[in-house]
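Here is how the chains run, residue by residue.
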Amino acid sequence: MDFSKPQLIFAITWCLAFGLSALIETNLSVAFPVAIYVLTFGGVAAFYLSASAARLLLPIAPGTPRFPVPSDLDLDILSLFVRRVFVVWAIGFLGSIVYSEGIPIYWKLIGDSRNYLDFGMPTVSGLVNMLRCFCIASCVMLHLQKRAKRQDYIILAVTFFSSIAEISRGSVTSAVLHGAAVIVLLRPVYPMQIAKWGGAVWVALLSFEWVGNNRTEGYQGNFGEVLGGAFQDNGTFLSHFVWSFIYITSPFNNLAFAVSQNIEPPMVPYYTLQPLIPTFLRNMLFRQTEYPLELLNEAFNATTFYSPLVADFGPWFALAIFALITVVISFAYQSAKRGSLFGIMVYPPIFVSVTLSFFYSYFFALPIVAYPLVVWIFLRFRRRTLRKLGHR
């Protein structure tokens, strides 16, 4: 099975969220309106239709490797480019440390009450995170193709551990998924690897629970009792996965709750476009409303990528807009499978956006949308480098 397919990833994550929300009843469970079934399974159907259209209109030529293989020369040029990007990232990251007067892991060690929300410069930090993810994805690619040099491994280590130093699950998750995207795109996944990954996922879930419990120490009170049912009894299997369950199902339940409130959308992209606007401009142009839709419980405020679309256009138009998004994603993915260097390089943010679509709207996040610009700059750098080397 090819786990790089965006339509498959979307189907797995959304069916998982739907299934857990529907089958395990808690105090936060809500009845699903018809629109939820349409958004979930209609979105899956739209993705598979778009993927079929992309395969039909952009067929893969006979003899093309099943997994794309960038040329050694392109990878060597990428290694040179990553070092330049790393310098820009380092300047931005150090600037964030100076601006914030420290870094979260340091604050944690000295007992400072500040956390990752207090770290970074508005707008700049998002772009810095984008450059970090580009470095990580590129270095993983160089390693897989056996073209990585010592400097590339240093860059990979520094950028990845910088995300850990922020003590932000979002930063670490994004960094890991950018690397994972390159792996599933360029390498086959065998049954033994699935077993190993399953073990890694199990460890990650337990770590996730530990971090969640420690971050809410003194308040916890606990969230198992808030959920009720099998979660409130510490001796049950589910009681050990309270945070994982909350993060997977609360965005879905928030969407179901909001859709059932008979939304009257303004039919303008008020919430949809906000993540695309730099923070300093956003604060001037938009009123400070934290969430696009009414929440079931403000303690669990995550919401799906559909939420801003539904708030602006209603569920039916939201599905139609998402169908257009799946067309763009499917054609970009198909171009990657055909060996397009641009398609290969822009795949990681696509993978991240689809994988986390049940949790947040990365499709319209400025760092995600701006990522292809970095790839375009790399391609121009590649073209100039090839000319210097005498290639046309």
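Please refer to the structure placed before this passage.
Residues numbered from 1 in each chain as written. Predicted model: local features only at pLDDT ≥ 70, side-chain atom pairs only at ≥ 80, totals over all residues. Heavy atoms only, no water.

### Digging into the overall build of the protein chain
Helices and strands together make up the secondary structure of the protein chain, namely 14 helices and zero strands. Going from N to C terminus, the protein chain has its helices and strands arranged as α-α-α-α-α-α-α-α-α-α-α-α-α-α. Residues counted as buried form 47% of the 392 residues belonging to the protein chain. Long-range contacts, defined here as pairs at least 24 residues apart, represent 78% of the contacts in the protein chain between residues at least 6 apart. With the model as given, the accessible surface of the protein chain reaches about 19600 Å², and the carbon-plus-sulfur share is 66%. (Helix = DSSP H or I, 4+ residues; strand = E, 2+ residues; numbered from the N terminus. Buried < 20%, exposed > 50% of the residue type's maximum accessible area, 1.4 Å probe, protein only. Contact = heavy atoms within 4.5 Å. Areas by Shrake-Rupley, 256 points an atom, 1.4 Å probe, with all protein chains shown as cover.)

### Points about helix α6 (residues 150-165)
Under the 1.5 Å per step criterion, the end-to-end length of α6 is 22 Å for 16 residues, consistent within 8% with the ideal 22 Å. Against the buried residues of α6 lie α3 (72-100), α4 (104-110), α5 (124-144) and α7 (169-186). Downstream of α6 by a residue or two, Ile 167 has a phi angle that is positive, lying close to 50°. (Expected span 1.5 Å × (residues − 1).)

### Observations concerning the pattern of salt bridges
Evaluated as defined, the whole model comprises seven salt bridges. Where Asp 74 meets Arg 382, a salt bridge forms, and the shortest distance between an N and an O atom there is 2.5 Å. Of this pair, Asp 74 sits in helix α3 while Arg 382 sits in helix α14 (residues 366-388); the two residues are 308 residues apart in sequence, bridging distant segments of the chain. One salt bridge in this structure joins Asp 76 and Lys 149, with 3.6 Å as the shortest N-O distance. With Asp 76 in helix α3 and Lys 149 in the loop between α5 and α6, the pair connects residues that are 73 residues apart, well separated along the chain. (Salt bridge = Lys/Arg side-chain N within 4 Å of Asp/Glu carboxyl O.)

### Some details on the packing of α5 against α14
Where α5 meets α14, the closest approach of the two axes is 10 Å, and the angle between their N-to-C directions is 55°. Classified by the angle their axes make, α5 and α14 are oblique. In this structure, α5 meets α14 at a crossing whose hand is right-handed. Contacts from Gly 126, Met 130, Leu 131, Cys 133, Phe 134 and Ala 137 of α5 reach α14 at Pro 367, Ala 370, Tyr 371, Val 374 and Val 375. Within the contact of α5 with α14, the residues separate by chemical class into ten nonpolar, one polar and no charged. (Axes fitted to C-alpha atoms, helices over the stretch in contact; angles between N-to-C directions. Parallel < 35°, antiparallel > 145°, perpendicular 65-115°, else oblique. Left-handed = near helix turned anticlockwise from the far one by under 90°. Nonpolar A, V, L, I, M, F, W, Y, C, P; charged D, E, K, R; others polar.)

### Overview of the nonpolar core
Ranked by internal contacts, the top residues of the largest apolar core, which has 87 residues, are Leu 78, Phe 134, Leu 255 and Tyr 306. Beyond its immediate stretch of four places on either side in the chain, Leu 255 contacts Trp 14, Ile 36, Leu 39, Leu 293, Thr 304, Tyr 306, Ser 307 and Val 310. (Core = buried A, V, L, I, M, F, W, Y, C linked by side-chain atoms within 4.5 Å.)

### Side note on the environment of Ile 36
Within the element layout of this structure, Ile 36 appears in helix α2 (residues 34-57). It is 7.7 Å that separates the C-alpha atoms of Ile 36 and Val 259, two residues lying 223 residues apart in sequence. For Ile 36, the residues in contact, after removing those within four places along its chain, are Phe 18, Phe 252, Leu 255, Ala 256 and Val 259.

### Details of α5
With 21 residues, α5 should cover 30 Å at 1.5 Å per step; its first-to-last C-alpha distance of 31 Å lies within 8% of that length. Most of α5 sits inside the fold, with 16 of its 21 residues counted as buried. In the stretch just after α5, Lys 146 is the one whose phi turns positive, near 60°.

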